[in-house]
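Structural characterization, general
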Amino acid sequence: MATKWNLDPTHSEITFRVKHLMISNVKGQFKNFTAEINAEDDTFKNAKTTATIHTDSVDTNNADRDAHLKGEEFFNAAANPTITFESDALNDEVTGNLTVNGVTKPVKLNVDFGGINVDPWGNTKAGFSFEGKIKRSDFGLNWNAALEAGGVMVSDEVKVAGELQFVKA
């Protein structure tokens, strides 16, 4: 029988970085997301994972940029309120289906299992870190502007990462 693990949102984060003007990275995060793991045991091998990220919770520490990202040229949060991820195996790598902007593609993420511990209130918790790269063009996020000196304003490659803590149900 599988054990359900629910995300502890107060001890979790999902972030991204994208090259801007081809010279530096801009970092952002999603502030509203949920996830769960269904595992056969505490090794989490071959566990099923699901996650839902609310696109209107994107935060890059700049209100104008956030509004642009929520708009039709990027996430189109009004028409596509969520990003989803589903996987049937959780090992050192996790391959699953990522849906962004209504487009579903397989992605591979590197995963580091931090272990299991019990908090001072008796809750059993498990921690994971993940990182990977996706191409925004794979998901129809094609907006860009050519630069006079060459290159583009926003790179196609997006680095994604997360620190996730789960509570055993």
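For the structure itself, look to the data block above.
Basis of the calculations
Here the residue numbering is sequential within each chain, running from 1 through the sequence in written order. Owing to the predicted nature of the model, reporting of local features is limited to residues with pLDDT of at least 70; listing and counting of side-chain atom pairs is limited to 80 or more, with chain, interface and lining totals taken over all residues. Excluded from the side-chain calculation are hydrogens and water; included are all heavy atoms of the structure. Numbering goes from the N terminus for both helices and strands, where a helix is a DSSP run of H or I of at least four residues and a strand is a run of E of at least two. Taken over C-alpha atoms, the radius of gyration is set against a globule rule of 2.2 Å times the number of residues to the power 0.38. Summary of the burial criterion: residues with accessible area below 20% of their type's maximum are buried, those above 50% are exposed, and those between are partly exposed, where the area comes from a 1.4 Å probe applied to protein chains only. Contact criterion: two residues are considered in contact whenever any of their non-hydrogen atoms come within 4.5 Å of each other. Computed with the Shrake-Rupley method and a 1.4 Å probe, the accessible areas treat only the protein chains shown as cover for residues. A positive count includes Lys and Arg, and a negative count includes Asp and Glu. His and the chain ends are not counted in either. The atoms used to mark charge sites are NZ of Lys, CZ of Arg, CG of Asp and CD of Glu. For cavity detection a 1 Å grid was placed over the protein atoms alone, and a set of points counts as a cavity when a 1.4 Å probe fits there but cannot get out; an open set counts as a pocket when protein lies on both sides within 12 Å along at least five of seven lines, with lining residues being those that have an atom within 4 Å of a point. Grid points are joined across faces, edges and corners, and a volume is the space filled by probe spheres set on the points. Should DSSP find at least two bridges between two strands, the strands are regarded as paired. Side-chain rings of Phe, Tyr and Trp, where Trp is taken by its six-membered ring, are said to pair if the distance between their centres is within 6.5 Å; with planes under 30 degrees apart they count as stacked, over 60 as edge-to-face, and otherwise as tilted.

What to know about the overall build of the protein chain
- Counting its regular elements, the protein chain contains one helix and eleven strands.
- When the helices and strands of the protein chain are listed from N to C terminus, the series reads β-β-β-β-β-β-α-β-β-β-β-β.
- Taking 169 residues into account, the globule formula puts the C-alpha radius of gyration at 15 Å, and the protein chain, at 17 Å, falls close to it.
- Dimensions along the principal axes, computed over C-alpha positions, put the protein chain at roughly 55 × 30 × 30 Å.
- Taking all 169 residues of the protein chain together, the buried fraction comes to 37%.
- Counting only contacts in the protein chain whose residues sit at least 6 apart along the sequence, the fraction spanning at least 24 positions is 58%.
- Just so you have it, the protein chain exposes about 9600 Å², and 49% of that area is on carbon and sulfur atoms.
- Across the protein chain, the centroid of the 17 positively charged side chains sits 3 Å from that of the 24 negatively charged ones.

Some points on the layout of surface pockets
- When its volume is computed, the largest pocket comes out at roughly 880 Å³.
- Around the largest pocket sit 44 residues that line it, and Ile14, Thr15, Phe16, Phe30 and Val160 are the ones nearest its centre.

As for the pairing of strand E10 (residues 124-135)
- Pairing of strand E9 (residues 103-118) with E10 involves eight bridges; the strand directions are antiparallel. Residue pairing for E10: Phe113 is matched across the bridge by Phe128.
- The loop that links E9 with its antiparallel partner E10 comprises five residues; one of these, Gly122, has a positive phi angle of about 90 degrees.
- Note that E10 and strand E11 (residues 154-168) share eleven bridges and pair antiparallel.

A few points about the packing of aromatic side chains
- Taken as a whole and judged by the stated rule, the model has seven aromatic pairs.
- Each member of the aromatic cluster is reached from another via a ring pair, and the members are Trp5, Phe44, Phe113, Phe128 and Phe166.

Overview of the pairing of E11
- Pairing of strand E1 (residues 3-7) with E11, which is carried by three bridges, proceeds in the antiparallel orientation. The residue of E11 that forms the bridge with Leu7 is Phe166.
- Taken together, the seven bridges between strand E2 (residues 13-20) and E11 define a ladder with antiparallel strand orientation. Paired with Val18 across the two strands is Val158, which belongs to E11.

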